[in-house]
Amino acid sequence: MKKFFVIMLVMAAALFMFAEETEWLIRDVEGGVKGGTLYLGTTSGPKTLNAYWSQESSSRDIYKYMYESLMGSDNKAQVNQPALAKRFWREETADGGTAYYFELRKGLKWSDGQPLTVEDIVFTYENIIKGDGMTADGVETYQDTEGNLPELTVDGNILKFKYPTKYRFGYDSLGGITIMPKHIFKDKVDSPESFAQMWTIEQIGDIISSGPYIVTEYREGVRVVLERNPYYFIKSKDGVQLPYLDKLVFLIVQDTNTMRLKFEAGDIDLLQISAADYPAIKAQQAEKNWNIIVGGPNASSQFIAFNFNAKDPIHREWFRNDNFRLAMSFAFDRETIIDTLYNGLGEPMYGPRNRTSAFYNPEIESFGFRYSIAKAKRYLQQAGFTWNSQGQLLDWDGNVVEFEITTNSGSNAREEIANIFVDSVQKLGINVNYRPVQFNTLVQNLYSANWDSLILGLQGGDDPAWGTNVWSLNGGLHFWNWSPEVQDWVDPNEYYVSDAEKRIDEIMKINRSIMDPAKVQDLWDEWQMLAAGKQILVYTVSQNYLVAMKDDIVIFNPEPSPLYGAGVLWNIEAIYKK
């Protein structure tokens with residue numbers, strides 16, 4: 001037994017000697033206090049922690065603290081920072097192609113202590129990204145204009161992704177790949193069905209992480225707990241392994257009024273404030289020593305979507321009509337919402353970007369979608385609608401116009417937008433039935449014909465190319481007009497695509513082949529004009545970025561932004577409590 005013990009000691013010493021030293025990423029922070037728990041609020045728990053099958057923010061808001069990518073983003077949401085890759089560069093090759101290089105750090109580990117190597121990245125790319133039907137969003141984000149995926153080769157710790165054509169989006173798309181552990185998934189990628197069932201919420205406890213935290217507990221409707229990853233690869237300037245905070249605890253509070261009360265009671269450390277609550281929070285600031293941040297309009301968009309593939313063929317025909325949607329936009333009183341609901345802390349939105357975005361096209365304001373019942377009626381008349389003696393709106397076949405709108409309950413802003421929309425279109429003789437549902441039910445309904453219209457918001461990277469899955473005809477989130485190639489319940493004989501949608505689909509493809517930023521912006525300008533000019537989605541209002549937090553929280557971001565991932569929790573590993 002003694003001999004065996006000595007052999008084991010020798011083996012352990014040998015493993016220690018040959019283990020690679022970690023090439024740490026050094027964050028520009030020092031003097032932080034290690035320990036403590038940050039309490040946050042969320043209106044819904046995650047549906048899954050499998051990043052490739054998540055389609056909702058409630059899941060992404062949790063797993064974004066679990067997964068690192070080759071590259072990170074700066075505090076303007078631009079992907080240009082080192083992360084798992086310590087170096088990266090791009091080369092336009094002599095054969096007309098484009099090569100992206102990423103040099104992986106040495107000595108990286110997963111949260112279970114297993115090495116994180118180029119094999120994990122090759123495995124993820126070859127088996128998941130390139131796997132047929134293996135992701136909910138498809139592969140369009142990674143494809144060049146001709147539909148090619150890059151060829152991946154490896155030289156030591158350097159990964160090379162080579163496209164045969166020009167491709168400008170590689171830092172964002174390839175640099176942002178969510179890397180999955182080969183030693184966990186190697187036997188789970190034989191089919192999309194088996195992969196989609198991995199790392200569901202029932203498997204918490206088996207899930208590992210490459211990011212600063214790992215989920216350790218989920219009690220449905222109560223809380224989600226994340227704890228420090230002991231093998232995280234980032235240190236402070238004074239040599240402290242990050243993250244500073246021991247835990248993140250998300251309290252699940254479906255009602256936003258209750259969420260505010262929990263912040264006021266001290267149960268939650270940080271709160272994204274609704275504009276309606278801003279005066280009350282501001283009035284308590286001095287007494288409770290809160291810090292309050294007021295930023296520009298939020299980048300996440302709130303819009304009304306009409307189902308082009310609605311189950312009722314009569315409704316379907318209304319919703320596909322450009323003039324009908326334009327009428328709905330003119331009938332929607334954005335300014336009243338800003339004044340009454342948002343206390344003046346908001347801006348109207350007419351298209352998919354606002355002035356917060358680096359890609360915003362102010363020309364869309366020339367459409368003048370300001371509240372006008374008279375203009376709304378003119379557009380309805382142009383479409384062939386009329387009114388009966390009771391003032392009810394009739395379509396071209398004499399059908400009374402009536403439909404349903406839904407959104408997630410518990411969101412005061414969306415519920416109020418729904419109520420104002422219902423009241424507004426009544427002035428056009430339209431009866432709209434409002435039906436609030438749970439958020440996850442709302443998301444599930446997106447994938448069916450069983451909805452007429454809904455109010456929803458989306459968020460993502462600032463570069464519009466991140467919306468490829470939303471705006472491409474075959475995108476995995478083109479929910480208002482699913483392609484029969486994506487959802488088999490859509491009848492190909494009934495499928496309709498307007499010229500504007502066809503052109504947007506084209507823009508989403510060709511932008512990736514253009515290396516000149518000015519020419520790319522021209523395409524984004526056109527995209528915004530098409531989306532706004534036809535009101536493919538009827539955008540509503542955008543509230544200003546409003547955050548309140550306890551004064552013992554030291555954030556890392558000197559200029560929090562409404563852009564996704566660039567707010568007060570940017571680089572959360574460098575946040576601490578005094």
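If you're wondering where the values come from, they're calculated on a predicted model, not measured in any experiment.

Quick word on helix 12 (residues 373–383)
- All of the buried residues in helix 12 are Ile373, Ala376, Leu380 and Ala383. Summarising the axial view, the buried residues of helix 12 lie within an arc of 80 degrees, below the 170-degree limit, and thus occupy one face.
- Buried residues along helix 12 sit in contact with helix 10 (322–331), strand 17 (386–387), strand 18 (393–394) and helix 13 (412–426).
- In the stretch just after helix 12, Gly384 is the one whose phi turns positive, near 105 degrees.

Details of unusual backbone geometry
- Of note, the amide linkage connecting Leu242 to Pro243 takes the cis form, showing an omega dihedral of 5 degrees.
- With respect to the helices and strands, the residue Pro243 is situated in the loop between strand 11 (234–235) and strand 12 (247–252).
- Although it is not a glycine, Trp199 adopts a positive phi angle of roughly 55 degrees.
- Looking at the secondary structure, you find Trp199 in the loop between helix 6 (192–196) and strand 9 (213–219).
- When its relative accessible area of 1% is taken as the criterion, Trp199 is described as buried.
- Backbone geometry at Gln535 places phi at a positive 45 degrees, although glycine is not the residue there.
- Relative to the helices and strands, Gln535 is located in the loop between helix 17 (517–533) and strand 22 (538–539).

What to know about the sheet that holds strand 6 (residues 98–104)
- The antiparallel open sheet is built from four strands, whose spatial order is 5-6-8-7. Only two strands of the sheet have a single partner each, and these edge strands are strand 5 (85–92) and strand 7 (151–155). Ignoring which end each strand starts from, the neighbouring axes of this sheet average 20 degrees apart.
- Note that strand 6 and strand 8 (residues 158–163) share six bridges and pair antiparallel.

A word on the packing of helix 7 (residues 256–264) against helix 8 (residues 278–288)
- Remark: helix 7 packs on helix 8, axes separated minimally by 12 Å, with the N-to-C direction vectors making an angle of 10 degrees. One way to sum up the angle between helix 7 and helix 8 is to call them roughly parallel. In this structure, helix 7 crosses over helix 8, and the sense of that crossing is left-handed. Between helix 7, through Arg260, Phe263 and Glu264, and helix 8, the contact on the second element is made entirely by Ala280, Ile281, Gln284 and Lys288.
- Broken down by class, the residue content of the contact of helix 7 with helix 8 amounts to three nonpolar, one polar and three charged.

Observations concerning the sheet that holds strand 19 (residues 402–408)
- Taken together, five strands build an open sheet; the order of strands is 20-19-21-15-22 and the sheet is mixed. Two strands bound the open sheet, and with one partner strand each, they are strand 20 (431–437) and strand 22.
- Direction of pairing for strand 15 (residues 301–306) relative to strand 22: antiparallel, over a ladder of two bridges. Its bridge partner being in strand 22, Ile304 is matched across the sheet by Val538.
- The sheet strands contacting helix 9 (residues 313–320) are strand 15 and strand 19, and the helix crosses strand 19 at an angle near 75 degrees.
- Packing of helix 10 onto the sheet brings it into contact with strand 15, strand 19 and strand 22, and relative to strand 15 it is tilted by some 140 degrees.

Let's talk about the packing of aromatic side chains
- Considering all chains together, one arrives at 40 aromatic pairs under this definition.
- Where Phe102 meets Phe161, the ring centres are 5.9 Å apart and the plane angle is 75 degrees; that geometry is what we call edge-to-face. Residue Phe102 is located in strand 6, and its partner Phe161 is located in strand 8; the two are separated by 59 residues in the primary sequence.
- Overall, Phe102 belongs to the buried group, its relative accessible area being 0%.

Quick notes on the environment of Gln285
- Looking at where Gln285 falls in the secondary structure, it is placed in helix 8.
- Taking the C-alpha atoms as reference points, Gln285 and Phe308, separated by 23 residues in sequence, lie 47 Å from one another.
- Contact partners of Gln285, with chain neighbours within four places excluded, come to Trp290, Asn291 and Ile292.

Details of the pairing of strand 15
- Where burial is concerned, most of strand 15 is hidden: six out of the six residues are buried.
- Every second residue of strand 15 is oriented toward a common face, with Ser301, Phe303 and Ala305 on one face and Gln302, Ile304 and Phe306 on the other, all of them buried.
- The pairing of strand 15 with strand 21 (residues 453–458) spans six bridges and is classified as antiparallel. Bridged to Gln302 within strand 21 is Gly457.

Quick notes on the pattern of salt bridges
- In the structure shown here, the tally under the stated rule is 27 salt bridges.
- We note a salt bridge from Lys166 to Glu92, for which the minimum N-O separation is 2.9 Å. Linking Lys166 in the loop between strand 8 and helix 4 (170–173) with Glu92 in strand 5, this pair joins segments that are 74 residues apart in sequence.
- Asp277 is the partner of Arg260 in a salt bridge, and the nearest nitrogen-oxygen pair spans 3.1 Å. Taken together, the residues Arg260 in helix 7 and Asp277 in the loop between strand 13 (270–272) and helix 8 connect sequence positions 17 residues apart.

Description of helix 8
- Among all positions in helix 8, only Tyr278, Ile281, Gln284 and Gln285 are buried. Projection of helix 8 onto a plane perpendicular to its axis shows the buried side chains occupying an angular sector of 145 degrees, all on one side. Facing away from the buried side of helix 8 by more than 90 degrees, the exposed set consists of Ala283, Ala286 and Glu287.
- Where the residues of helix 8 are buried, they touch helix 7, strand 14 (290–297) and strand 23 (541–550).

Quick look at the confidence of the model for the protein chain
- For the protein chain, mean pLDDT is 92; residues scoring 70 or higher make up 97% of the total.
- Contacts from residues 1–10, a stretch scored under 50 in pLDDT, to residues over four places away or in other chains number zero contacts.
- In the model, residues 12–17 has pLDDT below 50 throughout and makes zero contacts with residues more than four positions away in sequence or in other chains.

Rules and cut-offs
- Residues numbered from 1 in each chain as written.
- Predicted model: local features only at pLDDT ≥ 70, side-chain atom pairs only at ≥ 80, totals over all residues.
- Heavy atoms only, no water.
- Buried < 20%, exposed > 50% of the residue type's maximum accessible area, 1.4 Å probe, protein only.
- Helix = DSSP H or I, 4+ residues; strand = E, 2+ residues; numbered from the N terminus.
- Arc of directions from axis to C-beta.
- Contact = heavy atoms within 4.5 Å.
- Pairing = 2+ DSSP bridges.
- Axes fitted to C-alpha atoms, helices over the stretch in contact; angles between N-to-C directions.
- Parallel < 35°, antiparallel > 145°, perpendicular 65-115°, else oblique.
- Left-handed = near helix turned anticlockwise from the far one by under 90°.
- Nonpolar A, V, L, I, M, F, W, Y, C, P; charged D, E, K, R; others polar.
- Phe/Tyr/Trp six-rings, centres within 6.5 Å; stacked < 30°, edge-to-face > 60°.
- Salt bridge = Lys/Arg side-chain N within 4 Å of Asp/Glu carboxyl O.
- pLDDT = per-residue confidence, 0-100.

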